[in-house]
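Structural overview for review
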Amino acid sequence: SPPMPALSAFFDVTFWITLFFGTSALLFSMVYSLILFADLALDHVNPIELCERLNALAVPEVAGHAAIVVGLVLRGMWVCVGLNAPVVVWHGVRVGRGRHLMDSTEEGGEVE
């Protein structure tokens, strides 16, 4: 028997609300990072504290973005997946090589 329209609409709404909140969380973490860098420029935070705070966000940001892309794949939204795939691959390579963390003692800010 065909799926019930109400159940299909429920899953559509749930998907979009989840996607909205996931994207909002990623946007919040990006704004928080920018605020931290502004505080660093104004000497309100030292480089060690900046790196500790940003490193705490590194893995959750990558995992959140990957989860959003997996949701897009499951829904068959191929244009959105195609636009996000290069970033997900880049994040995966950085995490795989252990270069996703910042180090306050390195000139480039990356852990080697």
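Everything here concerns the structure above.
To keep things clear, this report deals only with the structure shown in the data block. Here the structure is a predicted model, which means the values were calculated and not measured.

Following the sequence through the fold, Val-81 ends up in helix α3 (residues 78-96). Under the relative-accessibility criterion, Val-81 is labelled buried at 12%. Distance from Val-81 to Val-69, taken between C-alpha atoms, is 6.1 Å for residues 12 residues apart in sequence. Residue contacts for Val-81: discarding those within four places in its chain leaves Val-69, Leu-72 and Val-73.

Moving on: the pattern of salt bridges. Across all of its chains, the model carries 2 salt bridges by this definition. Notably, a salt bridge pairs Glu-49 with Arg-53, separated by 2.5 Å at the nearest N-O pair. One end of the pair is Glu-49 and the other is Arg-53, both in helix α2 (residues 47-75) and 4 residues apart, which spans about a single turn. The class of Glu-49 is partly exposed, set by a relative accessible area of 28%.

Looking now at the packing of helix α1 (residues 5-41) against α2. The relative placement of two packed helices is expressed as an angle between their axes plus a distance between the axes. Where α1 meets α2, the closest approach of the two axes is 10 Å, and the angle between their N-to-C directions is 160 degrees. Comparing the axis directions of α1 and α2 gives the class roughly antiparallel. Handedness of the crossing formed by α1 with α2: left-handed. Split by residue class, the contact of α1 with α2 holds 15 nonpolar, 7 polar and 4 charged.

Right, let's get into the nonpolar core. The biggest cluster of nonpolar side chains holds 6 residues, and these are Phe-15, Leu-19, Leu-26, Ile-68, Leu-72 and Val-81. Counting residues per element, the ones that place at least two in this core are α1 and α2. At 3 residues, α1 tops the list of elements feeding residues into this core.

Calculation rules
Residues numbered from 1 in each chain as written. Predicted model: local features only at pLDDT ≥ 70, side-chain atom pairs only at ≥ 80, totals over all residues. Heavy atoms only, no water. Helix = DSSP H or I, 4+ residues; strand = E, 2+ residues; numbered from the N terminus. Buried < 20%, exposed > 50% of the residue type's maximum accessible area, 1.4 Å probe, protein only. Contact = heavy atoms within 4.5 Å. Salt bridge = Lys/Arg side-chain N within 4 Å of Asp/Glu carboxyl O. Axes fitted to C-alpha atoms, helices over the stretch in contact; angles between N-to-C directions. Parallel < 35°, antiparallel > 145°, perpendicular 65-115°, else oblique. Left-handed = near helix turned anticlockwise from the far one by under 90°. Nonpolar A, V, L, I, M, F, W, Y, C, P; charged D, E, K, R; others polar. Core = buried A, V, L, I, M, F, W, Y, C linked by side-chain atoms within 4.5 Å.

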